[in-house]
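Survey of secondary and tertiary structure
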Amino acid sequence: MTDTDKELRVSKIRDGTVIDHVTAGQALNVLAILGIDGSGGESVSIGMNVPSGKVGQKDVVKVEGRELSQSEVDVLSLIAPEATINIIRDFEVVEKNRVERTDTVRGILVCPNHNCITNADEPVETEFEVLEDGVRCSYCDTIIREHDVAEHIDARGSGETAL
């Protein structure tokens, strides 16, 4: 049996996005950022904890028929700072970018402070300042540490909490 016989192959996508070099174990959080929970019929392939010569292990997420918004990429940079975003059209990579940390993240995270204005019945979109080791709510100054960011992803994408 050759090494090729032992590999699991995932088919190429015609059009969409491949998110590569995701921090190992974060692929499901990437899906949460994208609002993908399996109910929308999206075609998604996930590789978790796959070998990587660069970082030891990584996750890979392929999403057919979808390109990421800037706000999705901004939050992605918090949980997968080494990720690359590959835009695929007609089976070819037409654009390849590394994620870059932004100064602020809007509408994707939920503030854990129940007294924050973003958690009231007001049409206020969440906004967080990106810090070295997490994010800070622009309204109430509550800090979410980097290792807790994934727990505060708003899978509905509204940036508003339903209490």
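What you are looking at is a predicted structure, and each value in this text was computed from that prediction instead of being measured.

**Observations regarding a nonpolar patch on the surface**
- Together, Leu28, Ile46 and Met48 line one region of the surface with nonpolar side chains, adding up to about 260 Å² of accessible area.
- Along the polypeptide, Met48 turns up in strand S2 (residues 44–52).

**Structural notes on the pattern of salt bridges**
- Inspection of the entire model under this criterion finds nine salt bridges.
- Arg14 is the partner of Asp90 in a salt bridge, and the nearest nitrogen-oxygen pair spans 3.2 Å. Residue Asp90 is found in the loop between strand S4 (84–89) and strand S5 (92–98), and its partner Arg14 is found in the loop between helix H1 (3–6) and strand S1 (16–23); the two are separated by 76 residues along the sequence.
- You can call Arg14 partly exposed: its relative accessible area is 42%.

**So, the sheet that holds S2**
- Read from one edge to the other, the open sheet built from five strands follows the order S2-S3-S1-S4-S5, with strand pairing classed as antiparallel. If you trace the sheet from one side to the other, it starts and ends with S2 and S5, each paired once. Direction aside, neighbouring strands of the sheet carry axes that sit 20° apart on average.
- Relative to strand S3 (residues 56–64), S1 is paired through six bridges, and the arrangement is antiparallel. Bridge pairing in S3 links Thr17 to Val63.

**Considering the side chain of Ser52**
- Positionally, Ser52 belongs in strand S2.
- For Ser52, the residues in contact, after removing those within four places along its chain, are Gln57 and Lys58.

**Concerning helix H3 (residues 70–79)**
- Across the ten residues of H3, eight count as buried, placing the element largely inside the fold.
- Residues Glu72, Val73, Asp74, Val75, Leu76, Ser77, Leu78 and Ile79 constitute the buried set of H3.
- Buried-residue contacts for H3 involve S1, helix H2 (27–33), S4, strand S6 (104–106), strand S7 (127–131) and strand S8 (134–137).

**Topic: the sheet that holds strand S9 (residues 143–145)**
- Taken together, four strands build an open sheet; the order of strands is S6-S7-S8-S9 and the sheet is antiparallel. In this open sheet, the two strands that pair with only one neighbour each are S6 and S9. On average, each strand axis in the sheet is tilted by 25° relative to the strand beside it, whichever way the strands run.
- Pairing between S6 and S7: three bridges, direction antiparallel. Bridged to Arg106 within S7 is Glu127.
- The strands touched by H3 are S6, S7 and S8; relative to S6, the strand with the most contacts, the crossing angle is about 125°.

What counts, and at which threshold
- Residues numbered from 1 in each chain as written.
- Predicted model: local features only at pLDDT ≥ 70, side-chain atom pairs only at ≥ 80, totals over all residues.
- Heavy atoms only, no water.
- Patch = residues over 30% accessible without salt bridge, like charges linked within 9 Å, V, L, I, M, F, W, Y side chains within 5 Å.
- Areas by Shrake-Rupley, 256 points an atom, 1.4 Å probe, with all protein chains shown as cover.
- Salt bridge = Lys/Arg side-chain N within 4 Å of Asp/Glu carboxyl O.
- Helix = DSSP H or I, 4+ residues; strand = E, 2+ residues; numbered from the N terminus.
- Buried < 20%, exposed > 50% of the residue type's maximum accessible area, 1.4 Å probe, protein only.
- Pairing = 2+ DSSP bridges.
- Axes fitted to C-alpha atoms, helices over the stretch in contact; angles between N-to-C directions.
- Contact = heavy atoms within 4.5 Å.

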